[in-house]
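Examination of the molecular architecture
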Amino acid sequence: MTAFNDESGTGDALRRALGVNRRRFLSTCTAVAAGAIAAPVLGASPALAQDRGRGHDHGRGHVLVPPGKRGIILYTVRDATARDPLASDLPSGFREVFKQLARHGYRQVEFAGYGQHANAPGGANLGTVAGAKLLRSWLDDYGLRAQGNHGFIPPSWPLTSADVDTFKLNLEIANILGMDHMGTGGDPTGSAYPADWDVAADKWNALGRIARREGIKLYTHNHDSAYGFLLDGGPLDAQGRPTRSSGIRKLEYFLKATDPKLVWLEMDIFWAHVAQYKFHTYTAHDGSTREKVFDPAGLVARNNKRYPLFHAKDGVVSTTNGMGYDMVPFGTGVIDYTTFFSRVGERNYHNPMVEDDNSPSATDPAQSLREAKISYDNLAALRARRR
């Protein structure tokens, strides 16, 4: 496994980058190499992530996520905002959920749309100018700040007039809510080919230019596939498309193809670690298999100002689901957030939003808000290690 070759120094560099000690690093590499015989696609990252040192000791180092930067995407508590207040004593709708999140300690929220239960104050759809003013009043009441939204990105390209109008309405709503950023929950394209990413870059540059005129930073969000390898060379398939890779990852290509003054990214750290697990080898243009382990924190550190937001979600190791991790509440898994936040730095710039797709429960209506509190406490407890 060439990426772990200590003779070249690559192994030590990777070990330091991932924040693991030498003994664990070498034992992990041995185990992965042995396991690769039975499961060739097995990645190293879950085992590497286990040596994580959460930094919950308040006597060690500075706070990694300042109080004003502790946020949550409301998708995590979507069952609570959608709950009928006439049928439950639990917090229901945006206003009551804001109140509860503020009690937990959160100071920022990221929206995932503006819909709630029709019986909640303001009605079902608050994605209007009037609805945004109401939401802003509740945010202000509870000391919360809106810091983004996974909302409308025009599907058309070239842009239609109707899509531009809808996009501008969403920017107006973002400004009423006091957002610095507005974005989406999807990747710019699902393609593996440079030509499609070039088109996506042109579109996002155009949208970013519109957003900039309104004082908003436009961001895109990743899942694991966006940090897979671009197919950009080698023999062509029957459709004339390249079949092999230079080792460039799709979103790394997008970063270079977009204007840093117009387009920003929100790294979903969980999905970036899934990409680390899944996409660690590629077929080079010459047909050889090459190893290249993804380093999420390293990518952010090299492009720090391009990543104003994070999704901070955690995972426990899984060797059966094909992703390497099962999602769990923040601070209860193995992803090394102490090392991640320490390496990327800029703690007063980045905005980590806690997320857990699995928090809503069909049998435990209080679960999502309860787990939001667990996640907040673990986020607040992160401390840099003293040297």
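Structure report, in brief.

Procedures and definitions
- Residues numbered from 1 in each chain as written.
- Predicted model: local features only at pLDDT ≥ 70, side-chain atom pairs only at ≥ 80, totals over all residues.
- Heavy atoms only, no water.
- Helix = DSSP H or I, 4+ residues; strand = E, 2+ residues; numbered from the N terminus.
- Buried < 20%, exposed > 50% of the residue type's maximum accessible area, 1.4 Å probe, protein only.
- Contact = heavy atoms within 4.5 Å.
- Polar contact = N/O pair within 3.5 Å; in protein donor to acceptor, adjacent residues only side chain to side chain.
- Salt bridge = Lys/Arg side-chain N within 4 Å of Asp/Glu carboxyl O.

**With respect to the overall build of the chain**
Helix and strand counts for the chain come out as 13 helices and 14 strands. The buried share of the chain, taken over its 387 residues, is 53%. The contacts in the chain between residues at least 6 apart in sequence include a share of 74% that link residues at least 24 apart.

**Concerning helix α10 (residues 269-278)**
Counting buried positions along α10 yields nine of ten residues, so the element is predominantly enclosed. Here α10 has its buried residues at Ile269, Phe270, Trp271, Ala272, His273, Val274, Ala275, Gln276 and Tyr277. Among the residues of α10, the N-terminal cap falls to Asp268, whose side-chain oxygen and the backbone nitrogen of Phe270 are separated by 3.2 Å.

**Regarding the pattern of salt bridges**
Tallied over the full model, the rule gives 14 salt bridges. The shortest N-O distance in the salt bridge between Arg136 and Asp140 comes to 3.1 Å. Separated by four residues within a single helix, Arg136 and Asp140 lie in helix α6 (residues 129-141), roughly one turn from each other. Given a relative accessible area of 46%, Asp140 falls into the partly exposed group. Note that Asp224 is salt-bridged to Lys278, the shortest N-O span being 2.7 Å. Highlighted residues: Asp224 in the loop between β5 (217-221) and β6 (233-236) and Lys278 in helix α10, separated in sequence by 54 residues. Taking relative accessible area as the criterion, Asp224 reaches 12% and is therefore assigned buried. When salt bridges that share partners are traced, they join Asp268, Lys313, Glu355 and Asp357 into one network.

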